[in-house]
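Summary of the model geometry
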Amino acid sequence: AAYIFFVLCPFFMLIERSPADAWLSLCAIFFLFRCVWLKYWNWLEHFWVRSVFVFWMIALLSASLSTVPLYSLSEALIWIRFPLFAMAVVFFFCKDSRVFYAFVGALFVGMLLMSVILLSEFVIVGPINDGRLTWPYGDLMPGSYLAKACFPVFIGFLMFCLSRSDRAKTYGLLLLALPFIMLFLTGERMNFLSLSCGVFVALLVSLSGMKKTIVFLSILVALVGVSALFGPYFERFVVKFFYAMPIFSDSPYLMAWNGGVAAFFSQPIFGIGPDAYRLLCPDLAVNVKNIRCHTQPHNYFIQIAGEMGVLGLISAVFMFGAIVKKAFSARQTIAPNCFALSAFISPLVFFFPLQTTGDFFGQFTNVFVWSALGVVLAASELSSSSKST
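All of the points below concern the structure found in this document.

How each quantity is defined
- Residues numbered from 1 in each chain as written.
- Predicted model: local features only at pLDDT ≥ 70, side-chain atom pairs only at ≥ 80, totals over all residues.
- Heavy atoms only, no water.
- Helix = DSSP H or I, 4+ residues; strand = E, 2+ residues; numbered from the N terminus.
- Areas by Shrake-Rupley, 256 points an atom, 1.4 Å probe, with all protein chains shown as cover.
- Lys, Arg positive; Asp, Glu negative; His and termini not counted.
- Charge placed at Lys NZ, Arg CZ, Asp CG, Glu CD.
- Salt bridge = Lys/Arg side-chain N within 4 Å of Asp/Glu carboxyl O.
- Buried < 20%, exposed > 50% of the residue type's maximum accessible area, 1.4 Å probe, protein only.
- Axes fitted to C-alpha atoms, helices over the stretch in contact; angles between N-to-C directions.
- Parallel < 35°, antiparallel > 145°, perpendicular 65-115°, else oblique.
- Contact = heavy atoms within 4.5 Å.
- Nonpolar A, V, L, I, M, F, W, Y, C, P; charged D, E, K, R; others polar.
- 1 Å grid on protein atoms, 1.4 Å probe; cavity = no way out; pocket = protein on both sides within 12 Å on 5 of 7 lines; lining within 4 Å.
- Points joined across faces, edges and corners; volume = space filled by probe spheres on them.
- Disulfide = S-S within 2.5 Å.
- Polar contact = N/O pair within 3.5 Å; in protein donor to acceptor, adjacent residues only side chain to side chain.

Helix and strand content of the protein chain: 19 helices and zero strands. For the protein chain, the C-alpha atoms occupy an extent of roughly 60 × 55 × 35 Å along the three principal directions. On the protein chain, roughly 16900 Å² of surface is accessible, and the fraction owed to carbon and sulfur atoms is 71%. The distance from the centre of the 24 positive side-chain charges to the centre of the 17 negative ones in the protein chain is 12 Å.

Shown next as structure tokens:
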């Protein structure tokens with residue numbers, strides 16, 4: 001029953017983020033109680049696991065020193081449910097390769113279902129707000145499901161297709177074109193750019209020859225180019241994106257980042273407290289130019305530096321590095337499969353410092369990001385414990 005509940009994850013995430021968060025939290029709690037019952041704590045020996053808990057301890061310390069300690073402490077305290085879920089995926093649910101591939105298969109089906117939902121909205125209603133789609137969540141960020149939760153499945157299946165030379169490869173690539181184009185049609189620039197960068201890295205490290213890489217990349221560019229002819233996508237992805245880049249003083253990205261920088265300089269050692277930026281930004285913006293207050297500074301590293309100070313930033317870098325290192329270690333095995341070969345790409349793209357991101361401590365981003373990280377870390381663990389594909 002626990003395995004069935006776990007495999008249903010992608011469909012909970014299709015309903016809404018709060019049900020997905022409840023599902024994720026229940027899986028994490030179940031894993032924790034199971035560890036207590038069976039006295040199973042060997043998983044704490046892994047470096048990436050320890051780095052997560054070190055970061056969490058510093059987050060709790062920073063929260064306790066915040067000017068809004070109750071709020072910040074509550075946010076920091078419950079954040080651990082996201083990495084704890086990834087640990088549950090790696091060290092319990094997906095220790096059996098059959099469960100792992102069932103979960104991957106469910107994610108693949110969810111990716112296609114989301115693509116069909118977005119395509120239906122595009123045909124029936126059309127894009128709104130200068131080229132944005134909103135189904136099924138009713139907000140302007142449905143593409144996070146495709147660009148984050150489904151990221152390792154998309155990249156893994158892409159590498160699988162590129163490693164083949166039969167007709168199935170062509171059908172598989174055509175199938176992947178649907179979610180790729182639909183992500184573009186959502187109008188979400190950073191999500192589309194993230195998946196595009198993941199595709200580019202996958203093409204570079206795949207087992208396919210340079211000819212296949214060039215052909216597939218050309219097909220993707222052509223498909224996006226054709227899509228750009230419909231609606232206001234050229235202006236959104238090219239014109240507005242250029243003027244929003246943080247190279248102009250009035251760039252919305254730069255003004256959002258400036259708030260995090262101001263938070264850092266106000267409390268450089270321990271920060272203002274995890275997730276406290278949304279409450280304290282108006283005070284920080286007094287007598288400081290070019291700051292636009294949002295719920296967070298829209299960059300993981302700037303947010304962590306502002307909310308947790310130098311100590312938090314250093315621990316975050318170690319945590320990110322440990323996760324990337326663990327995922328990359330899957331490539332060193334004797335016969336890694338396509339998901340293991342591409343495992344490092346997901347955390348590398350998610351934690352790339354020069355990009356706009358969501359709230360590091362919030363529900364919106366973490367449900368999708370840590371479910372994807374659970375997949376790639378599970379792939380790494382399976383690959384390292386087996387010498388066969």
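Moving on to the pattern of salt bridges. Under the definition given, this model contains six salt bridges. For Arg81, the salt bridge goes to Asp21, with nearest N and O atoms at 2.8 Å. With Arg81 in helix 6 (residues 81-91) and Asp21 in helix 3 (residues 17-38), the pair connects residues that are 60 residues apart, well separated along the chain. On the basis of relative accessible area, Asp21 is assigned to the buried category, the value being 9%. Notably, a salt bridge pairs Asp96 with Arg98, separated by 2.7 Å at the nearest N-O pair. By relative accessible area, which is 25% here, Asp96 ends up partly exposed. Looking at Arg98, the relative accessible area reads 65%, which means it is exposed. When salt bridges that share partners are traced, they join Asp275, Arg278 and Asp359 into one network.

Looking now at the packing of helix 11 (residues 189-205) against helix 13 (residues 233-244). It is the contact of helix 11 with helix 13, at a shortest axis distance of 11 Å, that shows an interaxial angle of 105 degrees. Between helix 11 and helix 13, the interaxial angle falls into the category roughly perpendicular. Of the residues in helix 13, those in contact with Arg189, Met190, Phe192 and Leu193 of helix 11 are Arg236, Phe237, Lys240 and Phe241. Looking at the contact of helix 11 with helix 13, its residues break down into five nonpolar, no polar and three charged.

Taken as a whole, the largest pocket encloses approximately 880 Å³ of empty space. Forming the boundary of the largest pocket are 35 residues, of which Met141, Met190, Tyr253, His298 and Thr356 lie nearest the centre. Where the lining of the largest pocket is concerned, the elements lending two or more residues are helix 8 (143-149), helix 11, helix 13, helix 14 (252-266), helix 18 (345-350) and helix 19 (363-384). The leading source of residues in the lining of the largest pocket is helix 11, at four residues. Empty space within the second largest pocket amounts to approximately 370 Å³. As for the second largest pocket, its lining consists of 16 residues, of which Met190, Leu193, Phe352, Leu354 and Gln355 are closest to the centre. For the lining of the second largest pocket, the elements supplying multiple residues, two or more each, are helix 11, helix 14 and helix 18. Per-element accounting of the lining of the second largest pocket gives the leading share, five residues, to helix 11. A per-class count over the lining of the second largest pocket returns 13 nonpolar, three polar and no charged.

Right, let's get into unusual backbone geometry. It is generally the case that most residues other than glycine have a negative phi and that most peptide bonds are trans. With an omega of -5 degrees, the peptide bond running from Trp135 to Pro136 counts as cis. By the element assignment, Pro136 lies in the loop between helix 7 (97-124) and helix 8. The residue Lys39 is not glycine, and still its phi comes out positive at about 55 degrees. As for its position among the elements, Lys39 is in the loop between helix 3 and helix 4 (47-64).

It is worth spelling out the state of the cysteines at this point. This structure, assessed with the given rule, holds one disulfide. One disulfide bridge connects Cys281 with Cys293, the sulfur atoms lying 2.1 Å from each other. Judged by the sign of its S-S torsion, about -85 degrees, the bond between Cys281 and Cys293 is left-handed. Here Cys293 lies in the loop between helix 15 (277-284) and helix 16 (300-328) and Cys281 lies in helix 15, a separation of twelve residues in the sequence. A relative accessible area of 1% places Cys281 in the buried class. This cysteine, Cys9, is not joined by any disulfide, and Cys27 carries the nearest cysteine sulfur, 7.6 Å off.

With respect to the element layout, Glu188 can be found in the loop between helix 10 (167-185) and helix 11. Of note is the side chain of Glu188, whose polar atom sits 2.7 Å from the backbone nitrogen of Gly143. Those residues in contact with Glu188 that lie beyond four places of it in its chain are Arg132, Leu140, Met141, Pro142, Gly143, Ser144, Leu183 and Phe237.

Interpretation note: all reported values are geometric properties and have no functional meaning in isolation.
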